[in-house]
Amino acid sequence: MSQVSRKTRVAVVFGGRSSEHAISCVTAGAVMAAIDRDRYDVLPIGIARDGRWVLPPADIRLSIEDGRLPEVTGDGRALALPFDPAAGGLMVVEPGQVPGALSDVDVVLPLLHGPYGEDGTIQGMLDMVGVRYVGAGVLASAVGMDKGYMKLVWQARGLPIGPYVLIGDREWRRERKRVVDEVKELGLAAGRPVFVKPARAGSSMGITRVTAEDALEAAVEAAREHDPKVIVEAAIEGREIECGVLQGLDDGPPDASLPAEVTMAGDHDFYDFETKYLDSATTMTIPPDLPPAAIEEVRRLAVQAFEALDCEGLARVDFFHTPDGRWIINEINTMPGCTPTSAFPKMWAATGLDYPAMVDRLIQTALHRPTGLR
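Definitions and limits used
In this numbering scheme, every chain counts its residues from 1 along its sequence in written order. Reporting in this predicted model follows two pLDDT cut-offs: at least 70 for local features of residues, and 80 or more for side-chain atom pairs to be given and counted; totals over whole chains, interfaces and linings ignore these cut-offs and use all residues. Values shown for side chains rest on all heavy atoms present in the structure; no hydrogens or waters enter the calculation. Per the convention used, a helix needs a DSSP run of H or I reaching at least four residues, while a strand needs a run of E reaching at least two, with both numbered from the N terminus. Per-residue accessibility, obtained with a 1.4 Å probe over protein chains only, is compared with the maximum for each type, and a residue is labelled buried under 20%, exposed over 50%, and partly exposed between these values. Two residues qualify as a contact provided that any one of their heavy atoms is within 4.5 Å of a heavy atom in the partner residue. Method for areas: the Shrake-Rupley scheme with a 1.4 Å probe, in which residue coverage is limited to the protein chains shown. The definition of a nonpolar core used throughout is a set of buried Ala, Val, Leu, Ile, Met, Phe, Trp, Tyr and Cys residues joined through side-chain atoms within 4.5 Å. Any Lys or Arg side-chain nitrogen located within 4 Å of an Asp or Glu carboxyl oxygen qualifies as a salt bridge. Axis angles are defined between N-to-C directions and span 0 to 180 degrees, where every axis is a line fitted to C-alpha atoms and, for a helix, only to the segment in contact. Orientation is classified from the angle alone, with under 35 degrees giving roughly parallel, over 145 giving roughly antiparallel, 65 to 115 giving roughly perpendicular, and any other angle giving oblique. For this scheme, ten residues count as nonpolar: Ala, Val, Leu, Ile, Met, Phe, Trp, Tyr, Cys and Pro. Four count as charged, namely Asp, Glu, Lys and Arg, and the remainder, Gly too, count as polar. Each residue after the first adds 1.5 Å to the expected span of a helix. Any N or O atom pair separated by 3.5 Å or less is treated as a polar contact, with the protein-specific requirement of one donor-capable and one acceptor-capable atom, and with residues adjacent in sequence counted only for side-chain atom pairs.

Examining the overall build of the chain
Part 1: In terms of helices and strands, the chain carries 11 helices and 18 strands.
Part 2: Counting every position in the chain, which comprises 374 residues, the buried fraction comes to 52%.
Part 3: Intrachain contacts of the chain at a sequence separation of at least 6 include 66% that bridge at least 24 residues.
Part 4: Accessible area for the chain stands at about 17000 Å²; split by element, carbon and sulfur atoms hold 51% of it.

Quick notes on the nonpolar core
Part 1: V12, I35 and L109 are the most contacted members of the largest nonpolar core, which has 33 residues in total.
Part 2: Counting residues per element, the ones that place at least two in this core are β1 (8-15), α1 (21-34), β2 (40-47), β7 (107-110), α10 (343-351) and α11 (355-367).
Part 3: Judged by nonpolar contacts, the second largest core, of 29 residues, contains I241, I295, L301 and I332.

Brief notes about the pattern of salt bridges
Part 1: Enumeration according to the criterion identifies 30 salt bridges in this entry.
Part 2: Its salt-bridge partner being D324, residue R326 comes within 3.1 Å of it at the nearest N-O pair.
Part 3: Relative accessible area serves as the criterion here: at 55%, D324 is assigned to the exposed category.

Brief notes about the packing of α1 against α11
Part 1: Between α1 and α11, the least distance of the axes is 9 Å, while the angle of their chain directions is 95°. Between α1 and α11, the angle falls in the class roughly perpendicular. Here α1 contributes T27, A30, V31 and A34 to the contact with α11, which in turn contributes Y355, P356 and V359.
Part 2: Classifying every residue of the contact of α1 with α11 by side-chain character gives six nonpolar, one polar and no charged.

Focus on helix α9 (residues 292-308)
Part 1: With 17 residues, α9 extends 24 Å from end C-alpha to end C-alpha; this agrees with the ideal 24 Å at 1.5 Å per step.
Part 2: Taken as a whole, α9 has its buried residues at A294, I295, V298, L301, A302, V303, A305, F306 and A308.
Part 3: Buried residues in α9 make contact with α4 (147-156), β13 (239-246), β14 (255-256), β17 (314-321) and β18 (327-333).
Part 4: In the segment just after α9, D310 is the residue with positive phi, at about 60°.

A word on the side chain of D146
Part 1: Its location among the elements puts D146 in the loop between α3 (138-145) and α4.
Part 2: Taking the relative accessible area as the measure of exposure, D146 reaches 6% and is therefore buried.
Part 3: A distance of 2.8 Å separates a polar atom in the side chain of D146 from a polar atom in the side chain of K229.
Part 4: Excluding residues within four positions of it along the chain, D146 makes contact with A199, R200 and K229.

Here is the structure:
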């Protein structure tokens, strides 16, 4: 009698300890709604803001409703990961009992944004237990999260980046005057704005557009609420263009989506958190009104940026297109937001890969790559 094969089991991990907790929840809600349940068993796993892993209640809200952000509260059955590559899988922790195996997990979708998730931490943990996962590995995730090292790698590979100053925690505490003087040379001294950002955060958290020297220190302190390491970037005149990248199939080269241009309405100075997720007046044009040669160039540069960091799975690469026709790479997201309003799934839909097909490709790509060193 033949044994009936079970469906592939996918663990979707969301929430997390970073300031992007809510956006991770929204991404998870959209992804889980798109997964083909005829092919995959889905195991939702939430990480509360304090780091607890839980099986969340079935009625957990994973969408933004009336401006209210979703959250993993920690309610639900507690989970732990065994650090035994031979055991693998996840375990349920019951009060007063020895943890028992929950189930075999074939692949993990770590839909975590920011530190303690997108930065290589969960990737390293999954590598330790020998579980396949979607997205970049430890090094690419860590470098892609840290805007300072990200730019160093691209600069070493000859890719176009803008001027910046990196401010470490010790530098800011001990050499503040020297750091402020260095930042002023980016443009403030000449009356040009700069952007002050946490070096290892996303979703436009903690970013300030600074136009006056006397506002600089407050902006750095605001960024330091999210990360003690801060990056200050010279403002670049140009259009904001994004491009999605997916790992190639069958060991082929990565594929780039049609790019998107984000246009802001209202009185927003830049593409901040409210503009991204709460302001319906923001529009996205796919593809942008650019010559075909410029479209192909940005797709080529997106793939180069992806490969320079040795990325896997997926990424979104953000650019500036200057009035004189140059492309400047701003940053990369190795686990981009995939909410209903996010650019990444919209770009791939415009390229011919709808949301369910995109999610399926991510799962299949992860399933077909080996565990361990690659």
